[in-house]
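Residues per chain are reported as follows:
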Amino acid sequence: MDTKIVRTDSEEARTHAVGQAVAELRSGGVVALPTETVYGLAADAFNAEAVAKIFAAKDRPRFDPLIVHVRGQKALKEVADVPQELKKIVRSLTELFWPGPLTLVLPKNENVPDIVTAGLPTVAVRCSQHEIFGEIVATLGRPIAAPSANRFGRISPTSAAAVASELGGRIPLIVDGGACARGIESTIVRPLPPTETSKGKATLQILRSGPIGSNDLKRYAHLEMVANEAVSENAPQAPGLLASHYAPLTPLRLLEKPEDFSPDPDKSYGLLSYRGKKKDGYVKLHDWDEIEILSPGSGKTSEAALRFFFLLRQLDESGVDEIIAEPVSEFGVGAAIMERLRRAAIQEDRA
Ligand code: TXA
Ligand code: MG
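Computed from a prediction, not measured in an experiment: that's the story for all the values here.

1. Focus: the confidence of the model for the protein
Interpretation of the predicted coordinates at a detailed level should be avoided for regions scoring low in pLDDT.
Then, number 1: Here the protein averages 93 in pLDDT, and 94% of its residues register 70 or above.
Then, number 2: Ranking the elements of the protein by mean pLDDT puts helix H8 (residues 227-233) last with 54 and strand S2 (residues 31-33) first with 99.

2. Quick notes on helix H6 (residues 160-167)
In an α-helix, one turn spans 3.6 residues; hence positions three or four apart end up facing the same way.
Then, number 1: Of the positions making up H6, those classed as buried are Ala 160, Ala 162, Val 163, Glu 166 and Leu 167. In an axial view of H6, the angular spread of the buried residues amounts to 155°, which keeps them on one side of the axis.
Then, number 2: At the C-terminal side of H6, Gly 169 shows a positive phi close to 85°.

3. What to know about the sheet that holds strand S12 (residues 252-254)
Then, number 1: The 4 strands are arranged S12-S15-S13-S14 in an open sheet whose pairing can be described as parallel. Each having just a single partner strand, S12 and strand S14 (290-293) make up the two edges of the open sheet. Adjacent strand axes in the sheet meet at a mean angle of 20° when their direction is disregarded.
Then, number 2: Pairing of S12 with strand S15 (residues 322-325) involves 3 bridges; the strand directions are parallel. Each residue of the ladder has a partner; that of Leu 254, found in S15, is Ala 325.
Then, number 3: Docked against the sheet, helix H10 (residues 334-344) engages S12, strand S13 (269-273) and S15, running at close to 130° with respect to S12.

4. Some details on the side chain of Arg 126
Then, number 1: When you line up the elements, Arg 126 lands in strand S6 (residues 122-127).
Then, number 2: Arg 126 sits in the buried class, given a relative accessible area of 2%.
Then, number 3: One polar contact links Arg 126 to Glu 36, side chain to side chain, over a distance of 3.0 Å.
Then, number 4: Of the polar contacts made by the side chain of Arg 126, one reaches the side chain of Thr 37; its length is 3.2 Å.

5. Observations regarding the nonpolar core
Then, number 1: In this structure, Leu 41, Leu 102, Ile 171 and Leu 217 are the most contacted members of the largest nonpolar core, which totals 50 residues.
Then, number 2: Secondary structure elements with two or more residues in this core: strand S3 (40-44), helix H2 (48-58), helix H3 (87-97), strand S5 (100-107), helix H4 (114-117), S6, H6 and strand S10 (203-208).
Then, number 3: The element best represented in this core is H2, accounting for 6 residues.
Then, number 4: In contact with Leu 217, not counting residues within four places along its chain, are Leu 93, Phe 97, Leu 102, Thr 187, Val 189, Leu 204, Ile 206, Ile 212 and Leu 223.
Then, number 5: Counting 26 residues, the second-largest nonpolar core is a separate cluster that includes Ile 184, Leu 272, Val 333 and Ile 337.

Quick notes on the rules
- Residues numbered from 1 in each chain as written.
- Chains lettered and ligands numbered in written order.
- Predicted model: local features only at pLDDT ≥ 70, side-chain atom pairs only at ≥ 80, totals over all residues.
- Heavy atoms only, no water.
- pLDDT = per-residue confidence, 0-100.
- Helix = DSSP H or I, 4+ residues; strand = E, 2+ residues; numbered from the N terminus.
- Buried < 20%, exposed > 50% of the residue type's maximum accessible area, 1.4 Å probe, protein only.
- Arc of directions from axis to C-beta.
- Pairing = 2+ DSSP bridges.
- Axes fitted to C-alpha atoms, helices over the stretch in contact; angles between N-to-C directions.
- Contact = heavy atoms within 4.5 Å.
- Polar contact = N/O pair within 3.5 Å; in protein donor to acceptor, adjacent residues only side chain to side chain.
- Core = buried A, V, L, I, M, F, W, Y, C linked by side-chain atoms within 4.5 Å.

Now the structure itself:
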């Protein structure tokens, strides 16, 4: 199959791209679309056969449920039945963070085919802030199921070129909306009703860390971290958030302490540096074959996030024998980067 990449860098090109994407979705096809987090592989969420094509193109196991994207707060009811006791917290979160990189796990309604949720009684819902995505979902007039547009378990794509290298030849169309502004997938939370211990507040289980951090959420709810536990205990809390994920084909090691590095003289190494500063100890540690710097100078974790998957992919394609990753500050979205680095370092189940 030929994969067409359509541009959106002029008014005319954009109208044409939106039209092509909507036509493909209406006819039960899949198409890769930009979002503010990472590129997604989209299909009409109410068309089970179309959704099956997402799983096939990604080699994604059917037990791993997809995120459904809606037009906005009002369209939430098209896919979820929000119970009375969660109405308040869901209203607050969607008013505050939608459109934006926050995904809510809620009881699903009967419109959503089982293949989307992998048979779970819940559905993960989000509303993308990307203008082109917003235009497409509004024109289609139906919710869009879209996981990240990479092969299962691999590095998420943050550009149209990265989608092409993951899924080229497997999908008909990629809408090129430029580089993703956030660069890291949405934060996933499961709202739960208030309990005695949560002091009257709703609880939010954080199933995946992302651009909306615990500091942004803790004012509105009692927080429970499930995301990092899943890494350390390997206990299945949220499907797909476990074993090896976000993984380069090249082995990756998260080097918590520079003094733990004892290079093999026969091997080549690439460094994924946080700030690229000599005094941090990582840059001068070794005569690196490749160095990529996440946040040169500023150390801003938001900058590191938007460059993260892009630079990880560069190192993966550079041909080094091993990627050594320096820890980043856990401030803000830094926690989400660290969660992904820990998963990327898990070697088991790697293709
Ligand atoms: O930013 C994002 O969220 C991107 C863009 C494209 O929207 N999408 C994305 O989708 O990251 P994906 O499929 O790569 O990750 C979705 C995660 C999976 O790990 C899946 O297991 C989990 O969400 N998930 C989906 N439905 C769930 C549910 N009902 N309960 C728990 N976890 C769920
Ligand atoms: Mg993914």
